[in-house]
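Inside the fold
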Amino acid sequence: MTANIKEKKIKILYLLHSTFFEGGAGKSIYEIIKELSIKKEYDLEIILLDSANEDIEKKFKDLGLKITIIKKRCFLQLGKFQIGWLQGFSFIMTLAIITKDTLLSFKELKNVNNKIYKINPHIIHLNSSTLIPLAFFLPKKIKKIIHVRESLITKSYMRKKLIKFFISLIDGVICISDSEYEQFKPLVKSKIRVIGNPIVSSDLSTSRSNVGSNSYIKIGCLAGHDEKKGGIFFIKSLNYLNFDFEVNYAGPEKNESNYSKNLQREINYLKNKKKIRINNFGLIENINEFILNNDLIVVPHLRPHFSRVIIESFCNFRPVVTFLDNWTKNINNKSNSSLILVKDKNEKALAKKISTLNEGKILIKDKIIDGKKYWENNHRIDIVTEKIINFYKKIQN
(Lines give C-alpha, C1' and ligand atoms only; values in the text may rest on other atoms or scores of the structure.)
Protein backbone atom coordinates (compact mmCIF):
# COMPACT_ATOMS: atom_id res chain seq x y z
CA MET A 1 0.00 0.00 0.00
CA THR A 2 2.78 2.44 0.92
CA ALA A 3 4.58 1.81 -2.35
CA ASN A 4 1.43 2.62 -4.33
CA ILE A 5 0.97 5.91 -2.48
CA LYS A 6 4.56 6.92 -3.26
CA GLU A 7 4.07 6.15 -6.96
CA LYS A 8 1.16 8.58 -7.09
CA LYS A 9 3.15 11.45 -5.60
CA ILE A 10 3.48 14.44 -7.91
CA LYS A 11 7.09 15.37 -8.64
CA ILE A 12 7.91 19.09 -8.79
CA LEU A 13 11.21 20.17 -10.32
CA TYR A 14 12.37 23.66 -9.36
CA LEU A 15 14.67 25.38 -11.84
CA LEU A 16 16.39 28.31 -10.13
CA HIS A 17 18.40 31.13 -11.68
CA SER A 18 19.61 32.43 -8.30
CA THR A 19 23.37 32.55 -7.77
CA PHE A 20 23.29 33.35 -4.04
CA PHE A 21 20.84 32.62 -1.24
CA GLU A 22 20.60 36.14 0.18
CA GLY A 23 18.78 37.39 -2.93
CA GLY A 24 15.02 37.80 -2.70
CA ALA A 25 14.11 35.25 -5.40
CA GLY A 26 16.28 32.48 -3.94
CA LYS A 27 15.13 33.10 -0.38
CA SER A 28 11.44 33.27 -1.33
CA ILE A 29 11.37 30.00 -3.26
CA TYR A 30 13.50 28.33 -0.57
CA GLU A 31 10.87 29.10 2.10
CA ILE A 32 8.16 27.56 -0.09
CA ILE A 33 10.22 24.47 -0.88
CA LYS A 34 11.16 24.06 2.78
CA GLU A 35 7.49 24.17 3.81
CA LEU A 36 6.51 21.69 1.09
CA SER A 37 9.32 19.34 2.10
CA ILE A 38 7.89 19.29 5.64
CA LYS A 39 4.39 18.53 4.35
CA LYS A 40 5.75 15.66 2.21
CA GLU A 41 2.86 15.91 -0.30
CA TYR A 42 5.22 16.11 -3.27
CA ASP A 43 8.52 14.71 -4.49
CA LEU A 44 10.80 17.75 -4.82
CA GLU A 45 14.00 18.15 -6.83
CA ILE A 46 16.16 21.17 -7.66
CA ILE A 47 18.09 22.35 -10.69
CA LEU A 48 20.71 25.03 -10.05
CA LEU A 49 22.99 26.85 -12.46
CA ASP A 50 26.71 26.17 -12.19
CA SER A 51 27.12 29.86 -11.28
CA ALA A 52 25.25 29.33 -7.98
CA ASN A 53 27.45 29.56 -4.91
CA GLU A 54 27.91 26.82 -2.32
CA ASP A 55 25.59 28.46 0.22
CA ILE A 56 22.44 28.10 -1.85
CA GLU A 57 23.35 24.54 -2.81
CA LYS A 58 23.92 23.65 0.84
CA LYS A 59 20.55 25.13 1.86
CA PHE A 60 18.68 22.73 -0.40
CA LYS A 61 20.91 19.76 0.41
CA ASP A 62 20.15 20.33 4.09
CA LEU A 63 16.48 19.78 3.21
CA GLY A 64 17.44 16.35 1.91
CA LEU A 65 16.66 17.25 -1.71
CA LYS A 66 18.42 15.97 -4.80
CA ILE A 67 20.19 18.70 -6.78
CA THR A 68 21.14 18.71 -10.46
CA ILE A 69 23.56 21.29 -11.86
CA ILE A 70 23.32 22.73 -15.37
CA LYS A 71 25.48 25.28 -17.14
CA LYS A 72 24.42 28.91 -16.79
CA ARG A 73 23.88 29.16 -20.55
CA CYS A 74 20.08 28.91 -20.58
CA PHE A 75 18.90 31.88 -22.67
CA LEU A 76 19.17 34.22 -19.65
CA GLN A 77 20.39 37.20 -21.67
CA LEU A 78 17.45 36.88 -24.06
CA GLY A 79 15.20 36.50 -21.04
CA LYS A 80 16.58 39.67 -19.48
CA PHE A 81 16.23 41.55 -22.75
CA GLN A 82 12.58 40.69 -23.29
CA ILE A 83 11.57 42.08 -19.88
CA GLY A 84 13.82 45.14 -20.25
CA TRP A 85 16.43 44.17 -17.66
CA LEU A 86 19.38 43.97 -20.04
CA GLN A 87 20.45 47.61 -19.97
CA GLY A 88 23.49 49.86 -20.17
CA PHE A 89 24.79 48.61 -23.53
CA SER A 90 24.73 49.97 -27.08
CA PHE A 91 22.44 48.30 -29.63
CA ILE A 92 25.39 46.46 -31.21
CA MET A 93 26.72 45.28 -27.85
CA THR A 94 23.24 44.17 -26.72
CA LEU A 95 22.80 42.19 -29.93
CA ALA A 96 26.22 40.59 -29.50
CA ILE A 97 25.51 39.60 -25.89
CA ILE A 98 22.16 38.03 -26.77
CA THR A 99 23.49 36.26 -29.87
CA LYS A 100 26.46 34.73 -28.08
CA ASP A 101 24.40 33.58 -25.10
CA THR A 102 21.62 32.19 -27.31
CA LEU A 103 24.01 30.17 -29.47
CA LEU A 104 25.76 28.75 -26.40
CA SER A 105 22.38 28.01 -24.83
CA PHE A 106 21.22 26.04 -27.88
CA LYS A 107 24.48 24.09 -27.69
CA GLU A 108 23.69 23.16 -24.07
CA LEU A 109 19.94 22.61 -24.52
CA LYS A 110 20.10 18.88 -25.38
CA ASN A 111 22.08 18.20 -22.21
CA VAL A 112 19.55 20.16 -20.11
CA ASN A 113 16.57 18.32 -21.60
CA ASN A 114 18.26 14.93 -21.12
CA LYS A 115 18.70 15.71 -17.43
CA ILE A 116 15.05 16.76 -17.16
CA TYR A 117 13.87 13.59 -18.92
CA LYS A 118 15.90 11.59 -16.40
CA ILE A 119 14.28 13.42 -13.47
CA ASN A 120 10.86 12.97 -15.13
CA PRO A 121 8.87 15.60 -13.20
CA HIS A 122 5.15 16.28 -13.54
CA ILE A 123 5.69 20.04 -13.18
CA ILE A 124 8.71 22.28 -13.74
CA HIS A 125 8.55 25.43 -11.62
CA LEU A 126 10.90 28.05 -13.14
CA ASN A 127 11.70 30.73 -10.60
CA SER A 128 12.03 33.86 -12.79
CA SER A 129 10.53 35.50 -15.87
CA THR A 130 14.08 35.62 -17.27
CA LEU A 131 13.67 31.85 -17.74
CA ILE A 132 10.68 32.19 -20.11
CA PRO A 133 12.76 31.49 -23.27
CA LEU A 134 14.31 28.41 -21.66
CA ALA A 135 10.87 27.12 -20.64
CA PHE A 136 9.75 27.32 -24.28
CA PHE A 137 12.45 24.83 -25.29
CA LEU A 138 11.95 22.36 -22.44
CA PRO A 139 10.09 19.05 -23.00
CA LYS A 140 6.56 19.79 -24.21
CA LYS A 141 4.89 16.92 -22.35
CA ILE A 142 5.84 18.36 -18.93
CA LYS A 143 3.69 21.06 -17.31
CA LYS A 144 5.59 24.31 -16.78
CA ILE A 145 5.06 27.25 -14.41
CA ILE A 146 6.83 30.60 -14.63
CA HIS A 147 7.22 32.53 -11.37
CA VAL A 148 7.19 36.20 -12.43
CA ARG A 149 9.30 38.16 -9.96
CA GLU A 150 10.40 41.01 -12.23
CA SER A 151 8.35 43.89 -13.56
CA LEU A 152 8.56 44.74 -17.26
CA ILE A 153 10.85 47.74 -17.45
CA THR A 154 10.62 48.46 -21.19
CA LYS A 155 7.32 47.47 -22.78
CA SER A 156 8.08 47.90 -26.48
CA TYR A 157 6.01 46.21 -29.19
CA MET A 158 8.90 43.85 -30.04
CA ARG A 159 9.44 42.81 -26.42
CA LYS A 160 5.73 42.12 -25.92
CA LYS A 161 5.71 39.97 -29.08
CA LEU A 162 8.74 38.05 -27.82
CA ILE A 163 7.11 37.37 -24.45
CA LYS A 164 3.82 36.32 -26.08
CA PHE A 165 5.68 33.89 -28.33
CA PHE A 166 7.91 32.30 -25.71
CA ILE A 167 5.25 32.14 -22.99
CA SER A 168 2.72 30.49 -25.31
CA LEU A 169 3.74 26.98 -24.20
CA ILE A 170 3.61 27.76 -20.46
CA ASP A 171 0.82 26.12 -18.44
CA GLY A 172 0.75 28.56 -15.52
CA VAL A 173 2.09 31.92 -14.38
CA ILE A 174 2.53 33.05 -10.77
CA CYS A 175 2.98 36.80 -10.24
CA ILE A 176 4.32 38.07 -6.92
CA SER A 177 2.18 41.23 -6.94
CA ASP A 178 -0.66 42.96 -8.77
CA SER A 179 1.89 45.09 -10.62
CA GLU A 180 3.39 42.09 -12.45
CA TYR A 181 -0.08 40.56 -12.91
CA GLU A 182 -1.40 43.64 -14.74
CA GLN A 183 1.62 43.59 -17.04
CA PHE A 184 1.58 39.87 -17.87
CA LYS A 185 -2.17 39.20 -17.96
CA PRO A 186 -2.61 40.53 -21.54
CA LEU A 187 0.40 38.48 -22.71
CA VAL A 188 -0.59 34.99 -21.52
CA LYS A 189 -3.38 32.55 -22.32
CA SER A 190 -2.58 30.13 -19.50
CA LYS A 191 -3.68 30.16 -15.87
CA ILE A 192 -2.31 33.17 -14.04
CA ARG A 193 -2.69 34.39 -10.47
CA VAL A 194 -1.07 36.56 -7.82
CA ILE A 195 0.69 34.80 -4.94
CA GLY A 196 2.82 37.01 -2.69
CA ASN A 197 6.27 35.99 -1.53
CA PRO A 198 6.43 34.24 1.85
CA ILE A 199 8.02 36.26 4.65
CA VAL A 200 8.97 34.39 7.82
CA SER A 201 8.53 36.32 11.07
CA SER A 202 11.14 36.70 13.81
CA ASP A 203 10.40 35.67 17.38
CA LEU A 204 11.81 39.04 18.45
CA SER A 205 9.60 41.18 16.22
CA THR A 206 7.69 42.75 19.14
CA SER A 207 10.41 45.36 19.76
CA ARG A 208 9.54 48.94 18.83
CA SER A 209 11.13 51.72 16.78
CA ASN A 210 12.39 55.01 18.25
CA VAL A 211 11.57 57.02 15.13
CA GLY A 212 9.61 60.18 15.84
CA SER A 213 11.35 61.00 19.12
CA ASN A 214 13.54 63.63 17.43
CA SER A 215 16.59 61.92 18.93
CA TYR A 216 19.32 59.46 17.94
CA ILE A 217 18.11 56.70 15.62
CA LYS A 218 19.59 53.88 13.55
CA ILE A 219 18.72 53.92 9.85
CA GLY A 220 18.98 50.70 7.86
CA CYS A 221 19.24 50.27 4.09
CA LEU A 222 19.83 47.09 2.06
CA ALA A 223 20.43 48.62 -1.38
CA GLY A 224 24.12 47.70 -1.44
CA HIS A 225 26.03 48.26 -4.68
CA ASP A 226 23.19 47.27 -7.02
CA GLU A 227 22.38 50.36 -9.09
CA LYS A 228 18.68 49.65 -9.55
CA LYS A 229 18.26 49.52 -5.78
CA GLY A 230 19.15 53.23 -5.57
CA GLY A 231 21.63 53.13 -2.70
CA ILE A 232 23.50 56.21 -3.91
CA PHE A 233 20.37 58.35 -3.42
CA PHE A 234 20.16 57.17 0.17
CA ILE A 235 23.86 57.73 0.87
CA LYS A 236 23.76 61.23 -0.62
CA SER A 237 20.63 62.07 1.37
CA LEU A 238 22.64 61.68 4.58
CA ASN A 239 24.33 65.02 3.78
CA TYR A 240 21.06 66.79 4.50
CA LEU A 241 20.12 65.15 7.81
CA ASN A 242 20.59 67.42 10.83
CA PHE A 243 19.99 65.09 13.74
CA ASP A 244 22.02 62.38 15.46
CA PHE A 245 21.91 59.08 13.59
CA GLU A 246 23.85 55.97 12.65
CA VAL A 247 23.58 54.03 9.39
CA ASN A 248 23.63 50.27 8.88
CA TYR A 249 24.21 49.66 5.18
CA ALA A 250 23.89 46.20 3.63
CA GLY A 251 23.21 44.46 0.33
CA PRO A 252 25.11 43.35 -2.78
CA GLU A 253 28.87 43.80 -2.38
CA LYS A 254 30.93 46.45 -4.17
CA ASN A 255 32.17 45.62 -7.66
CA GLU A 256 34.15 47.13 -10.55
CA SER A 257 31.27 49.14 -12.06
CA ASN A 258 31.42 52.95 -12.18
CA TYR A 259 28.28 53.06 -10.07
CA SER A 260 29.87 50.97 -7.32
CA LYS A 261 33.01 53.10 -7.35
CA ASN A 262 30.99 56.33 -7.11
CA LEU A 263 28.90 54.89 -4.28
CA GLN A 264 31.98 53.82 -2.32
CA ARG A 265 33.50 57.27 -2.86
CA GLU A 266 30.40 58.89 -1.34
CA ILE A 267 30.48 56.51 1.63
CA ASN A 268 34.16 57.21 2.26
CA TYR A 269 33.56 60.96 2.07
CA LEU A 270 30.72 60.86 4.59
CA LYS A 271 32.67 58.64 6.98
CA ASN A 272 36.00 60.47 6.78
CA LYS A 273 35.03 64.10 6.16
CA LYS A 274 31.62 64.43 7.80
CA LYS A 275 32.22 61.78 10.48
CA ILE A 276 28.91 60.04 9.78
CA ARG A 277 28.73 56.56 11.28
CA ILE A 278 28.15 54.11 8.43
CA ASN A 279 28.47 50.40 9.16
CA ASN A 280 28.79 48.16 6.11
CA PHE A 281 27.39 44.62 6.40
CA GLY A 282 27.44 43.33 2.82
CA LEU A 283 25.01 40.52 2.05
CA ILE A 284 22.81 39.62 5.02
CA GLU A 285 21.46 36.16 5.76
CA ASN A 286 19.57 36.96 8.99
CA ILE A 287 17.45 39.78 7.61
CA ASN A 288 15.11 39.94 10.61
CA GLU A 289 18.01 40.54 12.98
CA PHE A 290 19.32 43.33 10.74
CA ILE A 291 15.93 45.04 10.51
CA LEU A 292 15.33 44.81 14.26
CA ASN A 293 18.69 46.48 14.86
CA ASN A 294 17.36 49.63 13.15
CA ASP A 295 14.63 52.13 13.96
CA LEU A 296 13.87 52.99 10.34
CA ILE A 297 14.30 51.14 7.04
CA VAL A 298 14.87 53.07 3.83
CA VAL A 299 14.17 51.31 0.50
CA PRO A 300 15.32 53.64 -2.32
CA HIS A 301 14.56 51.30 -5.24
CA LEU A 302 14.46 52.95 -8.65
CA ARG A 303 12.56 50.21 -10.52
CA PRO A 304 9.00 49.29 -9.52
CA HIS A 305 9.11 45.69 -8.28
CA PHE A 306 8.25 43.57 -5.27
CA SER A 307 10.52 44.37 -2.34
CA ARG A 308 10.98 41.67 0.28
CA VAL A 309 12.64 44.22 2.55
CA ILE A 310 9.45 46.26 2.77
CA ILE A 311 7.33 43.27 3.83
CA GLU A 312 10.07 42.02 6.17
CA SER A 313 10.07 45.45 7.81
CA PHE A 314 6.27 45.33 8.16
CA CYS A 315 6.65 41.92 9.75
CA ASN A 316 9.16 43.30 12.27
CA PHE A 317 7.24 46.45 13.27
CA ARG A 318 9.57 48.87 11.46
CA PRO A 319 8.50 51.97 9.51
CA VAL A 320 9.59 52.13 5.87
CA VAL A 321 10.47 55.13 3.73
CA THR A 322 10.52 54.44 0.00
CA PHE A 323 9.97 56.11 -3.35
CA LEU A 324 6.52 56.34 -4.92
CA ASP A 325 5.96 54.04 -7.90
CA ASN A 326 3.18 51.78 -9.16
CA TRP A 327 4.14 48.93 -6.83
CA THR A 328 4.51 50.97 -3.64
CA LYS A 329 1.31 52.88 -4.47
CA ASN A 330 -0.52 49.56 -4.80
CA ILE A 331 0.88 48.34 -1.47
CA ASN A 332 -0.31 51.51 0.24
CA ASN A 333 -3.78 51.11 -1.24
CA LYS A 334 -3.98 47.60 0.22
CA SER A 335 -2.30 48.28 3.58
CA ASN A 336 -4.07 51.46 4.69
CA SER A 337 -1.11 53.69 3.68
CA SER A 338 1.43 51.88 5.86
CA LEU A 339 4.37 53.06 3.71
CA ILE A 340 5.93 56.52 3.99
CA LEU A 341 6.27 57.53 0.35
CA VAL A 342 8.66 60.01 -1.27
CA LYS A 343 7.20 61.46 -4.48
CA ASP A 344 10.40 62.78 -6.10
CA LYS A 345 13.27 60.36 -6.67
CA ASN A 346 16.19 62.44 -5.44
CA GLU A 347 18.35 62.66 -2.32
CA LYS A 348 16.97 65.99 -1.05
CA ALA A 349 13.36 64.80 -1.15
CA LEU A 350 14.38 61.58 0.59
CA ALA A 351 16.26 63.47 3.33
CA LYS A 352 13.33 65.82 3.87
CA LYS A 353 10.94 62.90 4.38
CA ILE A 354 13.32 61.16 6.83
CA SER A 355 13.75 64.40 8.80
CA THR A 356 10.00 65.06 8.90
CA LEU A 357 9.47 61.52 10.13
CA ASN A 358 12.01 61.77 12.94
CA GLU A 359 10.60 65.12 14.05
CA GLY A 360 7.37 63.31 14.85
CA LYS A 361 5.37 65.12 12.17
CA ILE A 362 4.28 61.83 10.61
CA LEU A 363 2.38 59.51 12.94
CA ILE A 364 3.86 56.05 12.51
CA LYS A 365 2.08 53.97 15.16
CA ASP A 366 -0.90 53.11 12.95
CA LYS A 367 1.32 52.67 9.89
CA ILE A 368 3.41 50.07 11.72
CA ILE A 369 0.31 48.20 12.94
CA ASP A 370 -1.30 48.26 9.47
CA GLY A 371 1.93 47.04 7.90
CA LYS A 372 2.00 44.08 10.27
CA LYS A 373 -1.63 43.26 9.41
CA TYR A 374 -0.83 43.38 5.70
CA TRP A 375 1.98 40.86 6.22
CA GLU A 376 -0.28 38.57 8.26
CA ASN A 377 -3.00 38.55 5.60
CA ASN A 378 -0.80 38.17 2.52
CA HIS A 379 2.70 36.87 3.24
CA ARG A 380 2.62 34.36 6.09
CA ILE A 381 4.36 31.17 4.98
CA ASP A 382 1.33 28.94 5.63
CA ILE A 383 -0.97 31.17 3.54
CA VAL A 384 1.47 31.38 0.63
CA THR A 385 2.24 27.66 0.62
CA GLU A 386 -1.44 26.74 0.55
CA LYS A 387 -1.95 29.02 -2.47
CA ILE A 388 1.01 27.40 -4.23
CA ILE A 389 -0.37 23.91 -3.59
CA ASN A 390 -3.79 24.90 -4.94
CA PHE A 391 -2.15 26.32 -8.05
CA TYR A 392 -0.22 23.10 -8.65
CA LYS A 393 -3.51 21.21 -8.45
CA LYS A 394 -5.12 23.51 -11.03
CA ILE A 395 -2.18 23.03 -13.38
CA GLN A 396 -2.44 19.24 -13.05
CA ASN A 397 -6.18 19.22 -13.84
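Our focus in this paragraph is the overall build of the chain. Counting its secondary structure elements, the chain contains 16 helices and 13 strands. Computed over its C-alpha atoms, the radius of gyration of the chain comes to 22 Å, within 12% of the 21 Å expected for a compact globule of 397 residues. Considered along the principal axes of its C-alpha atoms, the chain spans approximately 65 × 55 × 40 Å. The burial tally for the chain puts 55% of its 397 residues in the buried class. Within the chain, counting contacts between residues at least 6 apart in sequence, those at least 24 apart form 70% of the total. Entry remark: accessible area of the chain is about 18400 Å², with carbon and sulfur atoms responsible for 50%. Between the mean site of the 67 positive side-chain charges and the mean site of the 40 negative ones, the chain shows a separation of 5 Å.

Next up on the list: the side chain of Arg318. Looking at where Arg318 falls in the secondary structure, it is placed in the loop between helix H12 (308–315) and strand S12 (320–323). Although Arg318 is buried, it forms no salt bridge, and the closest oppositely charged side chain is Asp295 at an N-O distance of 5.5 Å. For Arg318, the side chain forms a polar contact with the main-chain oxygen of Leu292, separated by 3.2 Å. In this structure the side chain of Arg318 is engaged in a polar contact, spanning 2.5 Å, whose partner is the backbone oxygen of Asn294.

All right, on to the sheet that holds strand S7 (residues 191–194) then. Spatial ordering of the open sheet is given by S3-S2-S1-S4-S5-S6-S7, a layout of 7 strands whose pairing is parallel. Two strands bound the open sheet, and with one partner strand each, they are strand S3 (66–70) and S7. For this sheet the average axis-to-axis angle between neighbouring strands, irrespective of direction, equals 20°. Where strand S4 (residues 123–126) lies against strand S5 (residues 143–148), 4 bridges are found, and the strand directions are parallel. Directly across from His125, in S5, lies its bridge partner Ile145. Most of the contacts of helix H2 (residues 24–39) go to strand S2 (residues 42–49), to which it runs at about 150°, and overall it touches strand S1 (10–15), S2, S4 and S5. Relative to the sheet, helix H16 (residues 381–396) contacts S1, S2, S4, S5, strand S6 (172–175) and S7, its axis offset from that of S5 by approximately 145°.

Between H2 and H16, whose axes approach to 10 Å, the crossing angle comes to 75°. By the angle between their axes, H2 is roughly perpendicular relative to H16. Residues Glu31, Ile32, Glu35, Leu36 and Lys39 of H2 form the contact with H16, whose own contacting residues are Ile381, Val384, Thr385, Ile388, Ile389 and Tyr392. Class assignment for the residues of the contact of H2 with H16 results in 7 nonpolar, 1 polar and 3 charged.

Conventions we followed
- The residue count restarts for each chain, going from 1 along the sequence in the order it is written.
- Side-chain atom pairs in this predicted model are given and counted only at pLDDT of 80 or more, local residue features only at pLDDT of at least 70, and totals for whole chains, interfaces and linings cover all residues.
- For side-chain calculations, the full set of non-hydrogen atoms in the structure is used, while hydrogens and water are omitted.
- Counting from the N terminus, the helices are DSSP H or I runs at least four residues long and the strands are E runs at least two residues long.
- All radius of gyration figures rest on C-alpha atoms, and the globule criterion is 2.2 Å times the number of residues raised to 0.38.
- Exposure classes here rest on a 1.4 Å probe applied to the protein chains alone. A residue is buried below 20% of its type maximum, exposed above 50%, and partly exposed in between.
- Any two residues whose heavy atoms approach within 4.5 Å are treated as being in contact.
- With residues, only the protein chains shown are counted as cover, and all accessible areas are computed by Shrake-Rupley using a 1.4 Å probe.
- Neither His nor the chain ends contribute to the count of charged residues, in which Lys and Arg are positive and Asp and Glu negative.
- Every charge is mapped to an atom, namely NZ of Lys, CZ of Arg, CG of Asp or CD of Glu.
- Only one rule defines a salt bridge in this text: a Lys or Arg side-chain nitrogen within 4 Å of an Asp or Glu carboxyl oxygen.
- Any pair of nitrogen or oxygen atoms within 3.5 Å is treated as a polar contact; in protein, a donor-acceptor pairing is required on top of that, and neighbouring residues in sequence qualify only through side-chain atoms on both sides.
- Two strands qualify as a pair provided that DSSP identifies no fewer than 2 bridges between them.
- Axis definition: a line fitted to C-alpha atoms, over the contacting stretch in the case of helices. Angles run 0 to 180 degrees between N-to-C directions.
- What sets the label is the angle itself: under 35 degrees gives roughly parallel, over 145 gives roughly antiparallel, 65 to 115 gives roughly perpendicular, and the rest give oblique.
- Classification used: nonpolar for Ala, Val, Leu, Ile, Met, Phe, Trp, Tyr, Cys and Pro, charged for Asp, Glu, Lys and Arg, polar for all others including Gly.

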